[in-house]
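This is what each chain is made of:
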Amino acid sequence: MRRAIPLIPYFAVGLALYGYHSAWAALGLYHAGMLAAILALWNRKPAERKVNARLLWLPLAACVFSLGGVAMYFLWPCMSHNGSTIANRLADFGVSRHTWPYLAVYFSVVNSTIEEFFWRGCLMSVTLKPVGNDLLFGGYHSLVLLAFASPIWAVPVFCACAFAGWLWRMLRIATGGLLFPIITHVIADVSIVIAVHLRAFT
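Computed from a predicted model, the values in this text were never measured in an experiment.

Participant: Any chance you could break down the pattern of salt bridges for me, citing the residues and the numbers?
Facilitator: Under the counting rule described, the total for this entry stands at three salt bridges. Linking Asp-92 and Arg-89 is a salt bridge whose minimum nitrogen-to-oxygen distance equals 2.6 Å. A residue pair is termed a helical-turn pair when its members lie 3 or 4 positions apart in one helix, as Asp-92 and Arg-89 do in helix H4 (residues 86-92) at three residues. Look at Asp-92 and you get partly exposed, because its relative accessible area is 42%.

Next up, the structure:
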């Protein structure tokens, strides 16, 4: 069962996003699954392996993770599938101009926090090398992208998100906790939200 837990996002996206065409249902199912796994499997005394933690890593990591939204904003004209707009794709999945602010805030704060407790908490590994869960983290985000953008971007996004997952794991190892990963994950998601808003609703 533990080996199947990292597949929760794939189940949620496959069933709710692609099956029912609902971004809200996909987020709800994904988060419900993650919270259930966290409550059931959280290790209250996880093995930590610190490596020269430095507070200077936080601003550096924040700059790195904020680049995701910047890249998305400038690359979207190349990423769009058959010339579709982000607003049209969001509407296809039940997100309108009026409901977008609620999704944006929820995605930026709640999603980021729960994902870190799940991927870098519940599923944490202390090895410094890339692990399977880093790849699964990247694969999930690539699967979400396919609902909005051209398939040719699946591999670049997979690589970028798998690297981000590994980097967040290294940040937890270096600092011995989830605070810095959560902060930088929120920054990353806020940058994505800003890029989407500028492209879709301005």
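Structure's up, so let's keep going.
Participant: Run through a nonpolar patch on the surface, naming residues and quoting values.
Facilitator: A contiguous nonpolar surface patch, about 360 Å² in accessible area, is contributed by Phe-11, Leu-15 and Tyr-20. Looking at where Tyr-20 falls in the secondary structure, it is placed in the loop between helix H1 (8-19) and helix H2 (23-41). The exposure class assigned to Tyr-20 is exposed, which follows from its relative accessible area of 63%.

Participant: Could you give me a rundown of the nonpolar core, with the residues and numbers involved?
Facilitator: With 49 residues, the main nonpolar core has Leu-90, Trp-100 and Phe-118 as its most contacted residues. Elements that contribute at least two residues to this core include exactly H1, H2, helix H3 (57-79), H4, helix H5 (100-122), helix H6 (132-145), helix H7 (154-175) and helix H8 (179-200). Once you skip the residues sitting within four places of it in the chain, Phe-118 turns out to touch Ile-5, Pro-6, Ile-8, Met-34, Ala-37, Ile-38 and Leu-123.

Participant: Break down the packing of aromatic side chains for me, with residues and values.
Facilitator: In this structure the tally under the stated criterion is nine aromatic pairs. When the ring of Tyr-30 is compared with that of Tyr-140, the centres are 4.8 Å apart and the planes differ by 50°; the resulting orientation is tilted. A residue pair is termed long-range when its members are at least 10 positions apart, and Tyr-30 in helix H2 and Tyr-140 in helix H6 qualify at 110 residues. Looking at Tyr-30, the relative accessible area reads 1%, which means it is buried.

Participant: Tell me about unusual backbone geometry, residues and numbers included.
Facilitator: Phi is positive for His-21, which is not a glycine, with a value near 55°. Within the fold, His-21 resides in the loop between H1 and H2. The exposure class assigned to His-21 is partly exposed, which follows from its relative accessible area of 46%.

Participant: Give a detailed account of the state of the cysteines, specifying residues and quantitative values.
Facilitator: Overall, the coordinates contain zero disulfides when judged by the stated rule. Sulfur of Cys-78: no disulfide; nearest cysteine sulfur belongs to Cys-159 and is 18 Å away. On the basis of relative accessible area, Cys-78 is assigned to the exposed category, the value being 52%.

Cut-offs used in this document
Residues numbered from 1 in each chain as written. Predicted model: local features only at pLDDT ≥ 70, side-chain atom pairs only at ≥ 80, totals over all residues. Heavy atoms only, no water. Salt bridge = Lys/Arg side-chain N within 4 Å of Asp/Glu carboxyl O. Helix = DSSP H or I, 4+ residues; strand = E, 2+ residues; numbered from the N terminus. Buried < 20%, exposed > 50% of the residue type's maximum accessible area, 1.4 Å probe, protein only. Patch = residues over 30% accessible without salt bridge, like charges linked within 9 Å, V, L, I, M, F, W, Y side chains within 5 Å. Areas by Shrake-Rupley, 256 points an atom, 1.4 Å probe, with all protein chains shown as cover. Core = buried A, V, L, I, M, F, W, Y, C linked by side-chain atoms within 4.5 Å. Contact = heavy atoms within 4.5 Å. Phe/Tyr/Trp six-rings, centres within 6.5 Å; stacked < 30°, edge-to-face > 60°. Disulfide = S-S within 2.5 Å.

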